Every structure is written in C-alpha cells, then in structure tokens.
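Next come the chains, spelled out residue by residue.
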Amino acid sequence: MNPVSREKIMKRLLLIAVALSLIILPVILIWVGYNGSGIISIEFLTSRPRLFEYGGIYPQIMGSVYLVSLCTLFGAPLGIASAIYLAEYAPDNRITQSVRFFTETLAGMPSIVIGLFGLEFLVFYLQLKTSLLAGAISLSFMMLPWTIRASEEAIKTVPQEYRAASLALGATKWQTIVNVVIPAAMPGILTGVLLGVGKAVGETAVVWLTAGSGLEAFVPRSLSSPTGSLPMYIYLLATQAHTVEGVQRAYGASLVLLIMFLGVSVSALMARNYYLRRLGN
Amino acid sequence: MMKLESLIEKALFLSASFSALIVFLITFFLIREGVPALSLNFLTGLEWRPGQEFFGTLPTIIGTLWVVIGAVFIALLIGVPTSIYLSEFAPFWVRNIIKSSVEVIVGIPSVVIGFFGLMILVPFIRNTIGGRGESILAGWIVLAIMILPNLISLTEDSLRAVPKSYREASLALGATQWQTITKVIVPAASSGIRAAIVLGVGRAIGETMAVLMVIGNPETPWIPTSILDMTRTLTSTIAIEFSYAEWGSPHQHALFAIGVVLFLLVTALNFVATFVIRRNKN
C-alpha cells in the first residue's frame, strides 16, 4: 500500500477512537436525563424516602449538601494555606520535597483506603461514630491534595512583578500575599476548590464507610447524626431495588446528583477560562 | 511585625505538613489493624469464607488483575489514538472542546457510571454473549471509561512536549505525517506514555464503586477462567463486607489487611510513575 492512502486509512481509524472517547459523556447524560426526568417533582425533591423504594430524596440531597459544605469548610482553607506555603515560602530542601511527596501520595490514595482510615481513626478511635462529622472530615482528606495542587499552580502563575511592586512599596511579605498575590490567583484557586467539591459530591466509598447507610429518612440534626447521601442512595437502589418505583428513584437521584456535579464542574471550568483570559490581557 | 510574619510562616508550614501527617496516620492505623491478618496464607489461599475464618485472597487478587489489565488495555486502545489526534491533527477549538469534556468525565460520580453499567452493559452482555452479564468483561468496559480521561490528558501532554524540530526534521527527510508520528513522535513521548499507563493502573486498582456494581461479587470468589465469569476485586471485597464484619474480629482484620495490600500496590505504582516523570524532565 502506498504511504499516502495508508495515511488516509490511519487518520480515519484515529477518528473512530476519538468518536468513541467523545461519545461516552453525552450518552451517559442523555441516558440519565431521559430516564430520570419523569420522576422529578416538587414532592420527590422535598419528601422523605419510605419503605426503601418509595417516597422522595430530600434527606439525601440535604445530606450530600451538608457533607460537601463541611468538607469544603475543613479542606479548602487548609489546602489554600498549604499551597501558599509551598508556592511562596518553601525553601527547596528535603523537608519541602517530602511534604510535596506526601501530598502526591495522598492524592493517589484509593478512596476506599481513605474510607477505611476514616472508619478506624475517626469513627472508632476518636469515637465520632458513623456521622456527618466523620464523613465530612474523611471527604476532606480526599479533597485536600487536589485543592493544594490547583491552588499552588494558580499562585505560581501570578507574575513576579506584582510581588516586586508590592514589596517595593514597603509591604511585608504577608501583606503582599494577602493583598496582591491571593486576589490575583483567586479564580485559579476557586477552580481548584470547585474541582475538589465536584469530586466530593460524587464520592461514594468514603461516605459509605464513615457517614451513614444512605437510607436515613431524616436530615441530619447534628454533627453526630448518621447522614444519608445521594451516591449511597443511588448505589442501594440500583443494586437492591425490586420494583420499578425503586429503579425510577435511582434514575431520579442520579439526575439530581449529575446536575449538582455538573453545576460545580462547569463553574470550575468557567472560573478558569475567566482567569486565563485575564492573564492573556 | 517581623514576629507576626514568622508566626504566619510557621502556621502555613504546619498546614502544609498536615497532608504528610494524614499519610502517616493512614499508614500507622492500616498497619495496626491489618498486619496481624497478613500472612503467606492470606496472599496465596484459595478460599475466602469469613464465616469459617478462611481468608485466602488469591482469587480476589487474580480477579483484580484480570479486571485492571483488560481495562487499561481497552483504555490504551482508545486513548492513545485520541491523544495522537488531539496533539497532531485537531484544530485548536476542537481540541479545546474535547479537553474540557474529558476533564468533566474525570469527575463524573463513579456510582452513576456503575449504574449505567448495571442497567445497560450487564443486560447487553447477558443477552448477546451469554453468562450472567455481571462479569469481568463488564468491569473492563466500566473501568476503561473511568481511566480513559486521565490517560488521554497525560498522553496528550507528553506528545505535545515533543519538540517541533523533531517533526520538522522527519518531514524534511520525506517521511509522511503518519510515519513521523509512529517512528518519531510516539517513541520520543514513550516514557510519558508509560508513566500515564502506570498511573492508570494505579487508579484502576483503587477504583471501587463502578467496578463493584458490575462484576457480580460471588460470595466465595474463584480464580476466573473466562471473561464472562463473575469475580471480586480487592476494593469491592472491602466495600461489601465491612458493614457486617464485627469490629475486632479476624474478619475485620482481614479486610484491613486487604486495605494494606491496596495501599502498598497503589503507592508503589504512583512512586514508579513519579520517578518516570521526573526522569523525563531532566
């Protein structure tokens, strides 16, 4: 075969692979949207589950919202502070390198291992029980390294002249960071935090081991209440429902979860695009 | 004033060390609970019957390897050509759209992908190929979907990092674009691609929910002989059994021992990948 026609064939094969990788996202979105939209109603969104496969998903929605908000409350400030240290202060020595190494190790840790650790350390050892607090803290362990990574990148891309100008005006290093560097890096930091939030919203294994069984019929009343969540609810109904109603509810909950997830990730991407455009100017 | 500044620096350093602290705590607590159950028999035993205190994980380990290797292979088959297209052929706007949509897939809740597998793939396999549908094959496809985005992203980065002069030199010698890609660009990017594969394997081993929902998880796992067999993975065993393992029982220790195996495997793989990437940069 001559090289030119082989070239054409190969390019076509490449396009088949591209089509395969591209088709996944729309197929899943359409599938969930098509099957899930039928059951969505005010009642479904605002009432409690009954008899395993009937009723609504209000406690699960609120459980997910509580878990993720608390997790962000723990994870985001810690992550941003770590990123500031790594980007602005850290001398290039052994200690910094090992801090970086451990952050990477934590980022690669399987979520079920983090769940096991949460179960043993938080639930049993610190006696937090299977609860909102234990679930949120465990989730924040998972979210932390991603926030650090993205925030550090964002802080590092702030031009050096900004810092020099501020320091030349007599500001201290910390004043420079708070008043100049962080505001300039904010959209990038926001992207990092939001990507972490997106991960936490959909995380199942960690909340399964630490937060609750998923069928809790009440919105958590305190930090020590067991807490249901959308991913756990979907898992239970998808694998154990016997009726059409149950499967329908799994679709409906999946649609709600996907909307929450997409809302968060799309704002993350928008924050980044805004940031990149501003840097370009 | 200076005192405040140095206090702040110390506080920031403490925050940065927190991740290291968590990793230490994870290691310590997993080892404390898991190591008592670790033994040669644990790794080579063929029977997993928690009720009779048989804790052999060999069938589970082999099941995990089957699922992971197949999934990584499928992901490579689709992911590498996609990355080649993105870095060598795609116009700027196409590349942008694909890269963003790929980044969204990275985070799609795995339970939704598992649900998709359970409702669509499993019946499809049962009706067209046979078996129960819940199978290694279903695990391959679901897991390939999960690891594809990262693989594409990393592979594309390493392809784009190949200097333009390589391409120009090859084309100037009369090579076609395709010859340039297969003989110059892919070999030059090969260590980056290898790192992407290693990271993909690590991620695949650690994935829990999506795989768990489609592979059947038989009560007593066996060493799979066909891709239509049901199987278990290390992660699915922990997830399914932790809730009825009594705290402090040998069963619970065995589950933590599986956690130790997972932790060691994944950390070793990440270590290798970091090493490969770092060597690349130098």
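Residues numbered from 1 in each chain as written. Chains lettered and ligands numbered in written order. Predicted model: local features only at pLDDT ≥ 70, side-chain atom pairs only at ≥ 80, totals over all residues.

Structural notes on the overall build of chain B
(1) Moving on: From N to C terminus, chain B includes twelve helices and two strands.
(2) Moving on: In terms of principal-axis extent, the alpha carbons of chain B reach across some 75 × 70 × 35 Å.
(3) Moving on: Out of the 282 residues belonging to chain B, those deemed buried represent 48%. (Helix = DSSP H or I, 4+ residues; strand = E, 2+ residues; numbered from the N terminus. Buried ≥ 20, exposed ≤ 12 C-beta atoms within 10 Å, placed from the backbone.)

Regarding the overall build of chain A
(1) Moving on: Secondary structure assignment for chain A yields eleven helices and two strands.
(2) Moving on: Seen through its principal axes, chain A has C-alpha atoms that stretch 70 × 70 × 35 Å.
(3) Moving on: Expressed as a percentage of its 281 residues, the buried residues of chain A come to 52%.
(4) Moving on: Residue pairs at least 24 apart in sequence account for 75% of intrachain contacts in chain A once pairs closer than 6 positions are excluded. (Contact = placed C-beta atoms within 7 Å.)

Some remarks on the interface of chain A and chain B
(1) Moving on: With 71 residues of chain A at the contact, the number on the chain B side is 65 residues.
(2) Moving on: No other element matches helix α1 (residues 3-36) of chain A, which puts 18 residues into the side of chain A that touches chain B.
(3) Moving on: Here the residues of the side of chain A that touches chain B are counted per class, giving 51 nonpolar, 14 polar and six charged. (Nonpolar A, V, L, I, M, F, W, Y, C, P; charged D, E, K, R; others polar.)

Points about the packing of helix α6 (residues 136-160) of chain B against helix α9 (residues 190-206) of chain B
All names here are of chain B.
(1) Moving on: Direction vectors running N to C along α6 and α9 enclose 155 degrees, while the axes themselves pass 9 Å from each other. With respect to α9, the axis of α6 lies roughly antiparallel. As for the relative orientation of α6 and α9, their crossing is right-handed in sense. Residue-level contacts link L143, I147, N150, L151, L154, T155 and S158 of α6 to G192, I193, A195, A196, L199, G200, R203 and A204 of α9.
(2) Moving on: Partitioned by chemical class, the residues of the contact of α6 with α9 number nine nonpolar, five polar and one charged. (Axes fitted to C-alpha atoms, helices over the stretch in contact; angles between N-to-C directions. Parallel < 35°, antiparallel > 145°, perpendicular 65-115°, else oblique. Left-handed = near helix turned anticlockwise from the far one by under 90°.)

A word on the nonpolar core
(1) Moving on: L67(A), I234(A), A71(B), V112(B), V142(B), L143(B) and I147(B) are the most contacted members of the largest nonpolar core, which has 175 residues in total.
(2) Moving on: Broken down by element, the residue count for this core peaks at 16 residues, all from α6(B).
(3) Moving on: Other than its neighbours up to four places away in sequence, L67(A) contacts L132(A), G135(A), A136(A), L139(A), V207(A), A211(A), T227(A) and S229(A). (Core = buried A, V, L, I, M, F, W, Y, C linked by C-beta atoms within 7 Å.)

Structural notes on the environment of F42(B)
Residues and elements named next belong to chain B.
(1) Moving on: On the secondary structure map, F42 appears in helix α2 (residues 40-44).
(2) Moving on: Put simply, F42 and A254 are 212 residues apart on the chain and 8.3 Å apart in space, counted from C-alpha to C-alpha.
(3) Moving on: Not counting residues within four places of it along the chain, the set of residues in contact with F42 comprises A37, F55, G56, T57 and A257.

Some thoughts on the packing of α1(A) against helix α4 (residues 92-107) of chain B
(1) Moving on: Closest axis-to-axis distance for the α1(A)/α4(B) pair is 10 Å, and the angle between their directions is 55 degrees. Judged by the angle between their axes, α1(A) and α4(B) are oblique. Judged by the sense of rotation from one axis to the other, the crossing of α1(A) with α4(B) is left-handed. Within the contact between the two elements, α1(A) uses L22(A), I24(A) and L25(A) and α4(B) uses I98(B), S101(B), V104(B) and I105(B).
(2) Moving on: Taken together, the residues that form the contact of α1(A) with α4(B) break down as six nonpolar, one polar and no charged.

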